[in-house]
Amino acid sequence: MSTYNFIKVQEDEGILIVTIDRPKALNALNKGVFDELERCFTTDIRTSQHHGVVITGSGEKAFVAGADIKEFLDLDRKTARELSRRGQKVFAHIEQCPIPVVAAINGFALGGGCELAMACHMRIAGSKAKFGQPEVNLGIIPGYGGTHRLAQLVGSSKALELLLTGDMIDAQEAFRLGLVNLLCDQGEEVITAIALLKKIAQKAPLAIAEIIKLSSREGQNLTPYEAEAAAFGRL
Ligand code: COA
């Protein structure tokens, strides 16, 4: 396993637990976090050895409070566009991971934090979790896939409301909207995510990988129905 400075990676019975580890900055996503998440998802996750991945945040207050705003200050049009593309690419590695990835949301999931949670295949929220896309308050927009993934999860009308108001919602509301799969007590997020992944690990691994691939629409050259039939044939 690689050595990391901004994330922690632990293994528990074939499940990798990836913790964004910048609690003093409420786990804000800086360049270092993106580099290390990319390395983790492209090299450390071995689909032959691991059943699933949990992503969570360090400390009790935040899952991830957003992209690191301090890194936005010197951006110009070109470098900001590159930063957005880079974030989208790293989150695509997570979405296209062939084993299930569950976000264990233990506090604020704002901006890039909400986008990170949405790039995971499923989401578990503790009772103190809070969600939102507050970028509009800063005169910007989500840049890591959030404008699309939020609409896919909660519908375009509600997504527009959340994106245009920048309002924060609590765990109950996120569950009601379908943004979150399961609710749990504060502090039980990781254990609940592991239980879900262990249940899935009892199923056929090739079928799981095909379902994930179809849901992320990876390799979009076929229609969804053609892709489904091809995967059905393979299995
Ligand atoms: N980027 C960089 N640093 C951040 C951050 C972010 N997105 N969010 C929080 N931090 C840092 C703060 O600067 C502060 O650091 P400091 O102690 O060195 O000043 C520390 O985390 C604690 O944050 P603080 O604002 O003091 O905590 P709070 O409990 O008063 O408020 C939030 C919590 C989440 C409501 C508030 O931090 C916030 O609104 N963060 C920005 C959310 C956001 O806009 N995200 C989208 C970014 S595009």
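Scroll up to find the structure this text is about.
Everything in this summary refers to the structure shown in the same document.

### Some remarks on helix 5 (residues 156–165)
- Listed in full, the buried residues belonging to helix 5 are A159, L162 and L163. Down the axis of helix 5, the buried side of the element spans an arc of 95 degrees, and every buried residue falls inside it. Summarising the geometry of helix 5, the exposed residues directed more than 90 degrees from the buried face are S157 and L164.
- Each element contacted by the buried residues of helix 5 is listed here: helix 4 (146–154), strand 9 (168–170) and helix 6 (171–177).
- A positive phi of about 70 degrees marks G166, the residue just after helix 5.

### Quick notes on the site of the ligand
- The environment of the ligand is formed by 17 residues, the closest being K24, K61, A65, A67 and I69.
- One of the backbone N or O atoms of K24 is found 3.4 Å from an oxygen atom in the ligand.
- Here I69 contributes a backbone N or O atom positioned 3.1 Å from a nitrogen atom of the ligand.
- Taking 870 Å² as the accessible area of the ligand by itself, protein coverage stands at 59%.
- Residue composition of the shell around the ligand, grouped by class: 10 nonpolar, 2 polar and 5 charged.

### Notes on the packing of aromatic side chains
- For the coordinates displayed, the defined rule picks out 3 aromatic pairs.
- Ring geometry for F34 versus F91: centroids 5.6 Å apart, planes at 40 degrees, classification tilted. Remark: F91 occurs in helix 2 (residues 77–95) and F34 occurs in helix 1 (residues 31–44); sequence separation between them is 57 residues.
- Assessed through its relative accessible area of 0%, F91 is described here as buried.
- Seen in terms of ring centroids, F91 and Y144 are 5.7 Å apart; in terms of plane orientation they differ by 75 degrees. Their pairing is edge-to-face. A residue pair is termed long-range when its members are at least 10 positions apart, and F91 in helix 2 and Y144 in the loop between strand 8 (130–132) and helix 4 qualify at 53 residues.
- Taken together through their ring pairs, the aromatic side chains of F34, F91 and Y144 make up a single cluster.

### What about the pattern of salt bridges?
- For the coordinates displayed, the defined rule picks out 11 salt bridges.
- Ionic pairing is found between K31 and D35, a salt bridge with its closest N-O pair at 2.8 Å. With K31 and D35 both in helix 1 and 4 residues apart, this pair spans about one turn of that helix.
- Assessed through its relative accessible area of 29%, D35 is described here as partly exposed.
- In this structure, the salt-bridge partner of K89 is E38, at a minimum N-O distance of 3.2 Å.

### Some words on empty space enclosed by the protein
- Enumeration according to the criterion identifies 1 cavity of 30 Å³ or more in this entry.
- Within this model, the largest cavity holds a volume of roughly 30 Å³.
- Around the largest cavity sit C114, F131, G132, Q133, L150, L162, D167 and I169, which together line it.
- Residues of the lining of the largest cavity, tallied by class, amount to 5 nonpolar, 2 polar and 1 charged.

Cut-offs and rules
Residues numbered from 1 in each chain as written. Predicted model: local features only at pLDDT ≥ 70, side-chain atom pairs only at ≥ 80, totals over all residues. Heavy atoms only, no water. Buried < 20%, exposed > 50% of the residue type's maximum accessible area, 1.4 Å probe, protein only. Helix = DSSP H or I, 4+ residues; strand = E, 2+ residues; numbered from the N terminus. Arc of directions from axis to C-beta. Contact = heavy atoms within 4.5 Å. Near = heavy atom within 4 Å. Polar contact = N/O pair within 3.5 Å; in protein donor to acceptor, adjacent residues only side chain to side chain. Areas by Shrake-Rupley, 256 points an atom, 1.4 Å probe, with all protein chains shown as cover. Nonpolar A, V, L, I, M, F, W, Y, C, P; charged D, E, K, R; others polar. Phe/Tyr/Trp six-rings, centres within 6.5 Å; stacked < 30°, edge-to-face > 60°. Salt bridge = Lys/Arg side-chain N within 4 Å of Asp/Glu carboxyl O. 1 Å grid on protein atoms, 1.4 Å probe; cavity = no way out; pocket = protein on both sides within 12 Å on 5 of 7 lines; lining within 4 Å. Points joined across faces, edges and corners; volume = space filled by probe spheres on them.

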